[in-house]
Amino acid sequence: MANRGKDFLRRVVEEDLKSGKYSKIVTRFPPEPNGFPHIGHAKSISINFGIAKEYGGECNLRMDDTNPTTENIEFVEALKDAVEWLGFKWSGDVRYTSDYFPQLYNYAIKLIQMGKAYVDSISEEEIREYRGTVTTAGRRSIYAERSVEENLDLFNRMRNGEFKEGEHVLRAKIDMSSPNMKMRDPLLYRIKRATHFRAGDKWAIYPMYDFAHPLSDYIEGVTHSICTLEFENNRDIYNWLIETLELEPPRPYQYEFARLNINYTVMSKRKILELIEKNVVSGWDDPRLPTIAGLRRRGYTPEAILSFCEQIGVAKANSIVDIAQLEFAIRDDLNPKVPRVMSVFKPLKVTIENYSGFEEINASYYPHDVPKEGSRKLPFSKEIYIEQEDFMENPPKGYYRLTPNQPVRLKYAYIISCEKVIKDESGNIVEIRARYYPNSKSGSDSSGIKVKSAIQWVEANSAKKIEVRLYDRLFKTEIPEGIEDINPNSLKIIENALIEPAVIEDKTNNRFQFERHGYFYRESGERAVFNRIVPLKDSWSKKLQRGRRERVKERRQVEGRVIPMTPEEKILFERYTKEHNLNREVANTLARDNRLSQFYREALQEFNSPIAIANIITNEVARELKVKNLDELKFSPKDIADLVKMLEDETISTKIAKGVFEEMSRSGKEPIRIVEERGLQQINDKSLILSVVKEVIHRNPENLKKFKDGNRRLQGFFIGEVLKATNGKANPKIVNELVIRELNR
RNA sequence: UGGGGUAUCGCCAAGCGGUAAGGCCACGGUUUUUGGUACCGUUAUUCGGGGGUUCGAAUCCCUCUACCCCAUCCA
C-alpha cells in the first residue's frame, strides 16, 4: 500500500494544497433524495468523505432537492443513514439546496441584470426544436431580446406564481450554436406548482441542476466538486456561471470519475424499481439488491464495503467490477472477526452404535489462525446429524469425507467410520450406522488413525431448527438486460436447517461463519432466520465441475479510411518528401496542418535543416499547438531553429532538448540562454562516461546478474542510472554504446 | 454525424521518456481438525491497431478503430 499510486483526484487535491490554491479542502456528497442509496453511492461517499478526511478537510452532505415532484423525506433519511452507517460524519448540519433558494434567486436576478439571462416563453416543444441537433446549430427564440426590465418583471412574476407551468422559463444567454449541447442557452429555472417536501408551497419556480449545483457548491465553500462522468458536459456551464457572476475566489472546480458498475447485478434506480414493482425482489432492502439497505440486511459490514471501494480505485474509464471483488472484501473482513459454529442444512442421521451416554465438548469459537478468545459447549451423544453431502457410497476420486471405507473426524469430537448404510425402499440413504474410536477424541487423540478431513455435525436432540436463506447473484448474465435474465435460484430457503444450540442461546453475535458453509447474518426478529452473506470459497466443488471454458480473445481491428488530402496539401506533401527528404509520416502531419507548416516554413528560414526541424515541429510544437494558438506560443520559429542547431552540433542531446523545449515554452527564454545558464551542455568525454558506467554497474550487482540471466531490457535501467548520475548530461548515444559493451563483458 | 470522454492481464488498476506495481479471479504447492484462512509460487517480451520521433516509447506526435456521455422544463 505504501507506494500505491494516488488516484487522479487525490493528486489534484495534493497539488492544490501544495500550491496554496486552497488552505483547506471542502468536498461534498450531493445526492438527490429521490431513491435509496446503493453501493454506487457508497463509492461516491467513500471518495468524497475519504478525501476530505485524508487531507484534513471537510465534507458536506447536501440534499440536492431542486425537483419537488420526485423527492421526499424518506429518501433523505435513507441517505443520512447510509453515510452514518458507513462511518462518516458530515460537516455541520445536513445541507439542502432548497435552503439556498433565496440566494440562488438573487444570483438569477444578477444574471438578468447583466444581460446574461432571459425569460423565454416559447413552448417546450419549440425549445427542443430550437436547440438544434448535435450536428446542426440551434437558434434563439425571439424572447431572447427582451429588455432587462421586462425580464426582471417577468421573472418576479414567475416566482409569485402568476403563471402556469410551462409558460415561461429562465434561460442563460450563452450560445445557441455551441458544439456542446449543454451550452445552448441552458434552462435555469422552470415553473413548478408542486409542494416541496421542505420548502412547502413557498416557491412557484425551481432552479435547475445546472444552475443550482455550482452555486450551491460555491455558497458552501466547496473546493473540489466531484461527480460522475455523465456530468462532463455540464462542466462548461459550471464554470460559465461562476465566471460570469464574477464570484470571489476561492471557487470550486468540478472533477468527474467513472461510476461504479458490478456484474451480475443492476445499479440504476430505474432497474431496481422495476424489480421491486414486478415483485422479483421484496423491496429496497431485499438482500439480493446492491442497495445499502439490502447489503446491510444481507449482513455486509461497512468496513467491507469501504475496503471494496478502496480496492477498486477511482479512475475515468467506464468499467464493470467483478462481483468476486465484493465477495472477497466481505470474506476478508469477516474471516478474522466472526465465531465459527456448526450447522447442517440437509441432515443425514448418524447413529454411533458403540457410544452411550452424553457429554459436552468444549470447543473454541475460532480456528488456530484467528487470535481471538471464546468458546462454547457442544453436546454430543450417539445420535448426530451430518451433511448428506459428507457421505458417499461410491465416492469420486479425491473425495475426503465419509465413505464405507474411509473414516472421518467429527470436528472437535471423535473419528468415526461407517459400519452400515441404511436405505429406504427407493434406495435413498436415510441413516448411517457408525462406530467411533474412543481414543480419538479431539485434543487427546492417541488412535493413530489418519483421516482426510473433519466435518461438521450437530447432536440430534439438542440441535435447534433455523431458517437459512441462501442468496446467490440476482442475475444469471454478467450484464443483465432485464427481468428475463434473472437467476431463478437467487434465493434458496432451507426451512429446517439444524444448528448447534449455542448460536441461539448466546445472543452476543449476529454474524457467524457456519463452518464449511459460509458467513451468515441473523435477521432481526423473533424467528431464527439466517441470511447467507457469502459462501466460503470452495475449491472442491470447483474441481468437480472442472468445466474450464476457454475464452476467445481475438479482437479484430478494422483499419479505417483516412480523409484524403486537399490538392494544396498534396503539393506541400510532395515538396516535403521530395525536396526536403522528410519521411512520409512527418510530411503528412506537416502538410495537413497549416499552422504547423507555417511554423516550419519560418523556422527553416532561420536554419536550413529540414529533417531535424520538421521532426521537432511535428512532435513537440504540435503538442503545444493542440491547446494553444500560434500567437500564444512563447517561443518563435527562430528559437526552434536555435534548438536544432545545438542538437546538430552535439551541444545538447535529444533528451536535454526536450527539457529545454519545455522550459522555453513555459518561460519564453531563448534556448541558448537556458542551456548556458543551467550548464546543460552534454558530456561527450568517453572516458568520463565510462567511469560512470562502471560505477553504476558495480553498484547494481543483482541487476547485472538478471541481465546476464537474460533480462535484456535491464539495459534501459543501466542507461537510465548513468544518465541520472550525470544529471542527464551524458551523451546518451555514447552511454548506450558503453553500457552495452560493459554489460556484455 | 458535431462536441466531450475512455482504452494497460479474465476483472479492477498503478504507471507521466529509462526494470510493465498491486488487488481480485484462476492455476499449482506448503501448512491446516473448515476442500476455509495464511504462506509460497505461476499467470502482459507487451500496453486498442498502424505509422512516426528518440540511443530508448504504455508514456511524445500523426492516424485509424471500439466503447461511454450530451439534443428532459431530470439530476
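Procedures and definitions
- Numbering of residues starts from 1 in each chain and follows the order in which that chain's sequence is written.
- The naming scheme follows written order: chains are lettered A onward, ligands numbered 1 onward.
- Since the coordinates come from a predicted model, pLDDT governs what is reported: local features require at least 70, and pairs of side-chain atoms require 80 or more to be given and counted, while whole-chain, interface and lining totals use all residues.
- In computing side-chain values, all of the structure's heavy atoms are included and hydrogens and water are not.
- Pairing between two strands requires that DSSP report at least two bridges joining them.
- Runs of H or I in DSSP of at least four residues are treated as helices and runs of E of at least two as strands, each being numbered from the N terminus.
- A single heavy atom is enough: if one lies within 4 Å of a molecule or strand, its residue is considered near that molecule or strand.
- Two N or O atoms form a polar contact when they lie within 3.5 Å of each other; inside protein one atom must be a possible hydrogen donor and the other a possible acceptor, and for residues adjacent in sequence the pair counts only when both atoms belong to side chains.
- Under the grouping applied here, Gly and all other residues not named as nonpolar or charged are polar, the nonpolar ones being Ala, Val, Leu, Ile, Met, Phe, Trp, Tyr, Cys and Pro and the charged ones Asp, Glu, Lys and Arg.
- To obtain each axis, a line is fitted to C-alpha atoms, and for helices this fit is confined to the stretch in contact; angles are then taken between N-to-C directions over 0 to 180 degrees.
- By the definition adopted for this analysis, an angle is roughly parallel if under 35 degrees, roughly antiparallel if over 145, roughly perpendicular if from 65 to 115, and oblique otherwise.
- Crossing handedness follows the turn of the near helix against the far one: under a right angle anticlockwise gives a left-handed crossing, and clockwise gives a right-handed one.
- Whether two residues touch is decided by their heavy atoms; if any such pair falls within 4.5 Å, the residues are in contact.
- With a 1.4 Å probe rolled over the protein chains alone, any residue whose accessible area is under 20% of its type maximum counts as buried; one over 50% counts as exposed, and the rest are partly exposed.
- Note on definitions: salt bridges are taken to be side-chain nitrogens of Lys or Arg within 4 Å of carboxyl oxygens of Asp or Glu.
- Source of the domain bounds: an automatic or database domain assignment.

**A closer look at the sheet that holds strand 18 (residues 429-436)**
Then comes step 1: Pairing is mixed in the open sheet, where seven strands are placed in the order 19-16-17-18-12-15-20. A strand with exactly one partner marks an edge of an open sheet, and here the two such strands are strand 19 (454-455) and strand 20 (457-459).

**A short note on the protein's contact with RNA strand B**
Then comes step 1: The environment of RNA strand B is formed by 102 residues, the closest being R11, D369, S442, T618 and R713.
Then comes step 2: The protein-proximal atoms of RNA strand B, defined as those within 4 Å of the protein, are 64% sugar or phosphate.
Then comes step 3: One of the side-chain nitrogen or oxygen atoms of K182 is found 3.1 Å away from a base nitrogen of RNA strand B.
Then comes step 4: At 3.0 Å from a base nitrogen of RNA strand B is found a side-chain nitrogen or oxygen belonging to E559.
Then comes step 5: Of the residues contributing to the surface near RNA strand B, the split by class is 34 nonpolar, 33 polar and 35 charged.

**What about the packing of helix 22 (residues 686-699) against helix 25 (residues 732-743)?**
Then comes step 1: One can describe the packing of helix 22 onto helix 25 by two numbers: an axis separation of 10 Å at closest approach and a directional angle of 50°. Compared by their axis directions, helix 22 and helix 25 come out oblique. Two packed elements cross with a definite hand, and for helix 22 against helix 25 that hand is right-handed. In contact with K686, I689, L690, V693, K694 and I697 of helix 22, helix 25 contributes I734, V735, E737, L738, V739, R741, E742 and L743.
Then comes step 2: The class makeup of the residues in the contact of helix 22 with helix 25 is nine nonpolar, no polar and five charged.

**A few points about the pairing of strand 21 (residues 464-471)**
Then comes step 1: Most of strand 21 is tucked away, with six of its eight residues classed as buried.
Then comes step 2: Sheet analysis places strand 21 next to strand 22 (residues 491-499), joined by seven bridges and oriented antiparallel. Counted as the bridge partner of R469 is I493 from strand 22.
Then comes step 3: Across three bridges, strand 21 lies against strand 25 (residues 529-535) in parallel orientation. Bridge pairing in strand 25 links E467 to V529.

**Overview of unusual backbone geometry**
Then comes step 1: Cis geometry marks the peptide bond from P249 to P250, where omega comes out at 0°.
Then comes step 2: Its location among the elements puts P250 in the loop between helix 8 (235-244) and strand 9 (253-257).
Then comes step 3: If you check the backbone angles, Y412 has positive phi at about 70° while not being a glycine.
Then comes step 4: Mapping Y412 onto the fold places it in the loop between strand 16 (408-410) and strand 17 (415-423).
Then comes step 5: According to the relative accessible area criterion, Y412 is buried, its value standing at 15%.

**A short note on the pattern of salt bridges**
Pairing of side chains with opposite charge becomes possible as their charged atoms draw close.
Then comes step 1: The full count for this structure, using the stated rule, is 62 salt bridges.
Then comes step 2: We note a salt bridge from E14 to K6, for which the minimum N-O separation is 3.6 Å.
Then comes step 3: Overall, the relative accessible area of 32% leaves E14 in the partly exposed class.
Then comes step 4: Among the ionic pairs, R401 bridges to D390, the shortest N-O distance being 3.1 Å. Taken as a pair, R401 in the loop between strand 15 (383-387) and strand 16 and D390 in the loop between strand 15 and strand 16 lie far apart in primary sequence, 11 residues in all. The exposure classification of R401 matches that of D390, with both residues buried.
Then comes step 5: Salt bridges sharing partners connect three or more residues here, namely D285, R297, E467, R469, E523 and R527.

**Thoughts on the packing of helix 4 (residues 101-113) against helix 6 (residues 148-159)**
Then comes step 1: The geometry of helix 4 relative to helix 6 is characterised by a closest axis approach of 9 Å and an angle of 160° between their N-to-C directions. Comparing the axis directions of helix 4 and helix 6 gives the class roughly antiparallel. Handedness of the helix 4/helix 6 crossing: right-handed. Contact with helix 4, carried on its side by Y105, A108, I109, I112 and Q113, involves V148, N151, L152, F155, N156 and R159 of helix 6 and no other residues of that element.
Then comes step 2: Considering only residue class, the contact of helix 4 with helix 6 consists of seven nonpolar, three polar and one charged.

**Some details on the domain arrangement of chain A**
Then comes step 1: By the assigned domains, chain A splits into domain 1 (3-97 + 211-262), domain 2 (100-209), domain 3 (340-463), domain 4 (552-677) and domain 5 (686-743).
Then comes step 2: With centres defined by C-alpha atoms, the gap from domain 3 to domain 4 works out at 79 Å.

**A word on the pairing of strand 25**
Then comes step 1: Burial runs high along strand 25: six of the seven residues are buried.
Then comes step 2: Summarising the sheet, strand 24 (residues 518-522) and strand 25 pair through five bridges and their orientation is antiparallel. Directly across from R522, in strand 25, lies its bridge partner F530.
Then comes step 3: Here strand 24 folds back onto strand 25, and the loop between the two strands holds six residues, one of which, G525, carries a positive phi near 125°.

**Quick look at the sheet that holds strand 1 (residues 26-29)**
Then comes step 1: One open sheet holds the three strands; their spatial order is 1-2-3, and the pairing between them is parallel. Two strands lie at the open edges of the sheet, namely strand 1 and strand 3 (95-96), each paired on one side alone.
Then comes step 2: One ladder, built from two bridges, connects strand 2 (residues 58-63) with strand 3; its direction is parallel. Paired with R62 across the bridge in strand 3 is R95.
Then comes step 3: Contacts between helix 2 (residues 39-54) and the sheet are confined to strand 1 and strand 2, with strand 1 contributing the most and set at about 160° to the helix.

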